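Commentary on secondary and tertiary structure
Chain by chain, the residues:
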Amino acid sequence: MDETAAEIAAAVRSGRLTARRAVEEALTRIDATDPRINAYQRVRTFASLREADAVDARPDRAELPLAGVPVAIKDNVPVAGEPMRDGSAGSDPNPRDRDHEIVRRLRQAGAVVIGLTRVPELCVFATTDSAFGITRNPWDLERTPGGSSGGSAAAVSSGTVPVAHGNDGMGSIRIPSACCGLVGVKPGLGVVPSDPGEESWFGMAENGVLATTVADAALALSVLADRPELATVARSGRLRVAVSTRSPLAGTTVDKHWAAATRETADLLRGAGHAVTEADPPYRHAWSASASVRWMAGTELEARTLVDRDRLCAAVRRHAAVGRAAMRFGLPRAKGRDRWQDRALRFFADYDVLITPALARPPIEAKAWSQRGWIANLLANARYAPFAAPWNLAGFPATAVPAGLDPRGLPLGVQLVAPSGTEARLLSLAAQLEELRPWPRTANR
């Protein structure tokens, strides 16, 4: 796919392209690529064409920010007329009767929902496989696209759509974006309507976007947040940038290529005039216990919504059971999150942005992780993707940005983090990195 979301929308607004044609081309790409990748849980062939025709007939078409843009929705928020399977054979197979608010906003902006993307069961782990199959990374079919927004990442990276919805409770936008060479934006707490599941994992999960360019990510985020000003990415002034390659989890090592990509990113920003300093966040605080309890208890609440929770895979059943036990003891408690937020804010008193590796090592193998044990899944996730979760607990915005390719030709990436209310700052810095070090937009490049 050559056109960005911004280019498609501009062409449809002007009449140079119809929404139907844009959707037809996307459906053709899905037919050609998805049998190998398995990004989509459901492709809305006829419904999306009808909805494209409706966009073409809208009297306000010339004003729609996402006019005719085909988008994919992660299959853990309601889409009217479609089942929401959430990666589980125990979920309700009946169609939903309403759109989630973020789906409504996308449609109102002129986007066309072309399909729903695959997720791991209840979106728990950072690999995308379930009873419905294994989703593969378009850059290397033997590797995972990450999770839990792995289907959305694979859909964008394979070039079927220019932008996709995802959500992120422990890194589930940023991890797949890093695996697949994309821009992934997790907004801060309350910026976008949330509720991707019960209680949003006690306030850790946020809806966001995955895209091939910063401009497209900003455009889609502006629609989800109902903040049109976010679509205009302005150049930031001189920023105080902290750089850290230290893993948030003790004992987890960082691959030399991912560490080097982070240091090279720091050098680029230093050369562009930013004040760059090596500094580690105060990870010694037991943030991981507070985040993990919310993750597990949130899974238990999700499991209670199933029509048949006995069909959960063993690893997710165990995860939910631990969460259920924690809730009996009155967990999670607010003080764990409050302490980590206070420490993080004291760190950011001296810095405007933190840069870390987006992953600790390359994406792991694409296989039936859902058939493996709970401990095996926990360890695999922690070893390759430890950098994202602290910032879900803090509620801070964070963005994954491509940072070149490793010697095997796989994407590298960095994570940008800043305190609440700084989504525009992160988008600005990401756009500057895109200008300084352009990246291939898709795996097909």
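Here we summarise the structure given alongside this text. (Residues numbered from 1 in each chain as written. Predicted model: local features only at pLDDT ≥ 70, side-chain atom pairs only at ≥ 80, totals over all residues. Heavy atoms only, no water.)

Across its full length, the chain carries 15 helices and 13 strands. For a compact globule of 445 residues, the expected C-alpha radius of gyration is about 22 Å, and the chain comes in at 20 Å, within 12% of that figure. When its C-alpha atoms are laid out on the principal axes, the chain stretches across 55 × 55 × 40 Å. The contacts in the chain between residues at least 6 apart in sequence include a share of 77% that link residues at least 24 apart. Roughly 16100 Å² of accessible area belongs to the chain as shown, and the carbon and sulfur atoms make up 49% of that amount. Taken as two groups, the 55 positive and 49 negative side-chain charges of the chain have centres that lie 6 Å from each other. (Helix = DSSP H or I, 4+ residues; strand = E, 2+ residues; numbered from the N terminus. Rg over C-alpha atoms; globule rule 2.2 N^0.38 Å. Contact = heavy atoms within 4.5 Å. Areas by Shrake-Rupley, 256 points an atom, 1.4 Å probe, with all protein chains shown as cover. Lys, Arg positive; Asp, Glu negative; His and termini not counted. Charge placed at Lys NZ, Arg CZ, Asp CG, Glu CD.)

Time to look at the pattern of salt bridges. Summed over the entire model, instances satisfying the criterion amount to 23 salt bridges. Between E24 and R20 there is a salt bridge whose closest N-O contact spans 3.2 Å. Highlighted residues: E24 and R20, both in helix 2 (residues 19–37), separated by four residues, approximately one helical turn. Its relative accessible area of 27% is what places E24 among the partly exposed residues. Between R105 and E101 there is a salt bridge; the shortest N-O distance is 2.8 Å. Taken together, the positions of R105 and E101, both in helix 4 (residues 101–108) and four residues apart, correspond to about one turn of that helix. Classification of R105 as buried rests on a relative accessible area of 18%. (Salt bridge = Lys/Arg side-chain N within 4 Å of Asp/Glu carboxyl O. Buried < 20%, exposed > 50% of the residue type's maximum accessible area, 1.4 Å probe, protein only.)

Right, let's talk about the pairing of strand 2 (residues 70–74) for a bit. Within strand 2, five of the five residues are buried, leaving the element largely enclosed by the surrounding structure. Here strand 2 shows two buried faces, one formed by P70, A72 and K74 and the other by V71 and I73. Bridge analysis of strand 2 against strand 3 (residues 112–117) gives five bridges, and the strand direction is parallel. By the bridge assignment, A72 is partnered in strand 3 with G115. With respect to chirality, the unit in which strand 2 leads through helix 4 into the neighbouring parallel strand 3 is right-handed. Relative to strand 6 (residues 163–168), strand 2 is paired through two bridges, and the arrangement is parallel. For V71, the partnering residue across the bridge sits in strand 6 and is V163. (Pairing = 2+ DSSP bridges. Right-handed = clockwise from strand over helix to strand, strands pointing away.)

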